[in-house]
Amino acid sequence: MSSLSRARVARRIAAGAAYGGGGVGLVGAAAVGLVLAEVQLAKRHVGNGHAPYAPRADGLYGYDYAGASPDEPPLRLMMLGDSTAAGQGVRRARQTPGALLASGLAAVAERPVELANVALPGAQSDDLDRQVALALTDGSRLPDICVIMVGANDVTHRMPPTRSVRHLSAAVRRLRTAGAEVVVGTCPDLGTVEQVQQPLRWLARRASRQLAAAQTIGVVEQGGRTVSLGDLLGPEFAANPRELFGPDHYHPSAEGYATAAMALLPTVCAALSLWPEEERPDVSRNEGFLPVARAAAEAASEPGTEVAAAMPTGPRGPWALLKRRRRRRLPATDPTPAPST
C-alpha cells in the first residue's frame, strides 16, 4: 500500500473515531481472525517460566541530581498502556522501558525523575480510561510527561480501529487538559512475531501500520506527539529475533526494550523542551511539515519517526512536523524507592 493510500485510510479511521463512526476496518474480518489465531498461538508461550510478570520499576531515578536544583521537585513520568509499556518479558526493573526512559530523562534534564507505571499487560485501548483516572488521582502530584504504548492487543482482539483511536484520543485529551505532555508509541509491527507465517505476516503488518497511522492523527489532533514503534517489533527484530525478542518469542528482550526506549527518549525530552535540537525541520534528514495524515502514513512506515502538531490549518487540513531525531544511548540505573504518599 502506498503512503498516499495509507494516509487516506488513516484519515477515514480518525474521522470515524472523531465523529462516532465504527465501520472502517483494517483488513477483512476473516483475515484478521486468522491473524488473531496465529498471534494467540504465539502468545501461549508467554508466562511458561519466562518472566510472566513485568518487574515493578516505580521509584526515583537520577538520585545523584537531587542536590543540583534543590528548589525543583523531581520530574514525574507516567507510563500507560499494555505489556510493552509495563515491560513484560524481562526480569529486572532497570530493563523495562519505563526505567530506561526515566534514567535517560534524568541524565538529560540533570534532575531526578519519579517514575510511576499504571500499564496493564493485555490491555487494549479501552482500558486507558481507567489508567488515566489512576494517573490523575492525586491532583497535587500530576505527571509532567506521560508515555503511552498501546495498540497491538487492539489488532489481535479485533477492536474496531475507530473505537481504538477514539479511546486513545480521549486519553490524550484528558492528560493534556491536566497539563501533562503526552508521547505515544504507536502500534508495533505484529508482522515480525516469529510464529506468524505468510501471508498472515503481511496482513498483520498492514493492520498494524494502518492503526499506527490512525493513532498518530488522533494523538496529534489532541496536542500529543507520536513515535512510530515499528522497531519495537520491526526490521531490527526480524533481522535479529534471538537478540531482540525475549524468551517468550513475543515480548521484547532487554535489548529490544532498549531499542524502543532509544526511539522514544528524544521525543520525551523534546516535549519537555530538554532535547538539544531545534524544533524546526532538518532537510538533511528529510524532515518537514506535511498534512497530518501524510505525516502519519510516512511515520508508520519508518520506525522511530516523530510526528507533532504544527500549523492548525492548511490546504489539506491540519499540518504536522515530521522529525527523525538522533538517538543517544543512555545507561539505566536502579531506582530508589519512591517516597510514600
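Just so it is clear, the model here is predicted, and its values are computed rather than measured. (Residues numbered from 1 in each chain as written. Predicted model: local features only at pLDDT ≥ 70, side-chain atom pairs only at ≥ 80, totals over all residues. Heavy atoms only, no water.)

Visitor: Which parts of the structure should I look at to understand the overall build of the chain?
Guide: The helix and strand inventory of the chain stands at twelve helices and nine strands. Looking at the chain alone, contacts between residues at least 24 apart form 81% of all its contacts between residues at least 6 apart. For the chain, the computed accessible surface area is about 14100 Å², with 52% contributed by carbon and sulfur atoms. (Helix = DSSP H or I, 4+ residues; strand = E, 2+ residues; numbered from the N terminus. Contact = heavy atoms within 4.5 Å. Areas by Shrake-Rupley, 256 points an atom, 1.4 Å probe, with all protein chains shown as cover.)

Visitor: What is the right way to look at the pattern of salt bridges in this model?
Guide: When the charged atoms of two side chains with opposite charge come close together, those side chains can pair. Taken as a whole and assessed by the stated rule, the structure comprises 14 salt bridges. Here Glu114 makes a salt bridge to Arg141, at a shortest N to O gap of 2.3 Å. Of this pair, Glu114 sits in strand β3 (residues 113-117) while Arg141 sits in the loop between α5 (128-135) and β4 (145-149), and the two are 27 residues apart along the sequence. Three or more residues joined by partner-sharing salt bridges are found here, namely Asp282, Arg285, Glu287 and Lys323. (Salt bridge = Lys/Arg side-chain N within 4 Å of Asp/Glu carboxyl O.)

Visitor: What is the right way to read the confidence of the model for the chain from this model?
Guide: Close inspection of predicted coordinates is inappropriate for parts of the model with low pLDDT. In the predicted model, the chain carries a mean pLDDT of 79, and 68% of its residues have values of at least 70. Taken together, the stretch residues 45-51 has pLDDT below 50 and engages in 15 contacts with residues farther than four places along the chain or on a different chain. Low confidence marks residues 243-247, where pLDDT is under 50. Its contacts with residues over four positions away, or in another chain, come to 22 contacts. (pLDDT = per-residue confidence, 0-100.)

Visitor: What is the right way to read helix α12 (residues 292-301) from this model?
Guide: Because each turn of an α-helix spans 3.6 residues, side chains separated by three or four positions end up pointing in the same direction. Of all ten residues in α12, seven are buried, a share of seventy percent or more. Residues Val292, Ala293, Ala295, Ala296, Ala297, Ala299 and Ala300 constitute the buried set of α12. (Buried < 20%, exposed > 50% of the residue type's maximum accessible area, 1.4 Å probe, protein only.)

Visitor: Even after reading the chapter, I still don't get the nonpolar core, so can you show me in this structure?
Guide: As a rule of thumb, nonpolar side chains are buried together in soluble globular proteins. If you look at the biggest cluster of nonpolar residues, it comprises 37 residues, and the most contacted ones within it are Leu77, Leu101, Val147 and Leu264. For this core, the secondary-structure elements that each account for two or more residues are β2 (75-81), α3 (83-86), α4 (97-109), β3, β4 and α11 (254-271). By residue number, the principal contributor to this core is α11, which donates eleven residues. Residue contacts for Val147: discarding those within four places in its chain leaves Leu77, Met78, Met79, Leu80, Leu101, Val183, Leu264 and Val268. Of all hydrophobic cores here, the second largest spans 23 residues; its members include Leu190, Ile217, Leu290 and Ala320. (Core = buried A, V, L, I, M, F, W, Y, C linked by side-chain atoms within 4.5 Å.)

Visitor: Where do I start with the packing of α4 against α11 in this structure?
Guide: Axis angle and axis distance: for two packed helices, these are the angle between their axes and the distance between the axes, and together they describe the pair. With their axes 9 Å apart at the nearest point, α4 and α11 run at an angle of 40 degrees to one another. Taken together, α4 and α11 sit at an angle that is classed as oblique. Seen along the crossing, α4 lies across α11 with a hand that is right-handed. Within the contact between the two elements, α4 uses Pro97, Leu100, Leu101, Gly104, Leu105 and Val108 and α11 uses Tyr257, Ala258, Ala261, Leu264, Leu265, Val268 and Cys269. In the contact of α4 with α11, the residues fall into twelve nonpolar, one polar and no charged. (Axes fitted to C-alpha atoms, helices over the stretch in contact; angles between N-to-C directions. Parallel < 35°, antiparallel > 145°, perpendicular 65-115°, else oblique. Left-handed = near helix turned anticlockwise from the far one by under 90°. Nonpolar A, V, L, I, M, F, W, Y, C, P; charged D, E, K, R; others polar.)

Visitor: Is there a simple way to explain the pairing of β3 in this structure?
Guide: Across a regular strand the side chains alternate sides, sitting on one face of the sheet and then on the other. Burial within β3 is extensive, with four of its five residues counted as buried. Sheet analysis places strand β1 (residues 59-61) next to β3, joined by three bridges and oriented antiparallel. Opposite Tyr61, over in β3, you have Val113 as the bridge partner. With five bridges connecting them, β2 and β3 associate as parallel partners. By the bridge assignment for β3, Arg76 is matched with Glu114. (Pairing = 2+ DSSP bridges.)

Visitor: I'm lost on the sheet that holds strand β9 (residues 319-323) in this one. Help?
Guide: What the nine strands build is an open sheet, ordered β1-β3-β2-β4-β5-β6-β8-β9-β7; its pairing is mixed. Each edge of the open sheet is held by one strand with a lone partner, namely β1 and β7 (288-291). Ignoring strand direction, the axes of neighbouring strands in this sheet form an average angle of 25 degrees. The sheet contact formed by strand β5 (residues 181-185) and strand β6 (residues 225-227) spans three bridges and is parallel. Of the residues in β6, the one forming a bridge with Val184 is Thr226. Across the sheet, α12 lies against β7, β8 (306-309) and β9, angled at about 110 degrees from β7, the strand it touches most.

Visitor: Where do I start with the packing of α5 against helix α7 (residues 161-177) in this structure?
Guide: Following both chains from N to C, one finds α5 and α7 inclined at 10 degrees, their axes separated by 9 Å at the closest point. Considered as vectors, α5 and α7 are oriented roughly parallel to each other. The handedness of the crossing between α5 and α7 comes out as right-handed. Facing Leu128, Asp129, Val132 and Ala133 of α5, the residues of α7 in contact are His167, Leu168, Ala171, Arg174 and Leu175.

Visitor: What is the right way to look at α5 in this model?
Guide: For α5, the full list of buried residues reads Leu128, Gln131, Val132 and Ala135. The arc that holds every buried residue of α5, seen down its axis, measures 100 degrees, which confines them to one face. In this structure, the buried residues of α5 make contact with β2, β4 and α7. (Arc of directions from axis to C-beta.)

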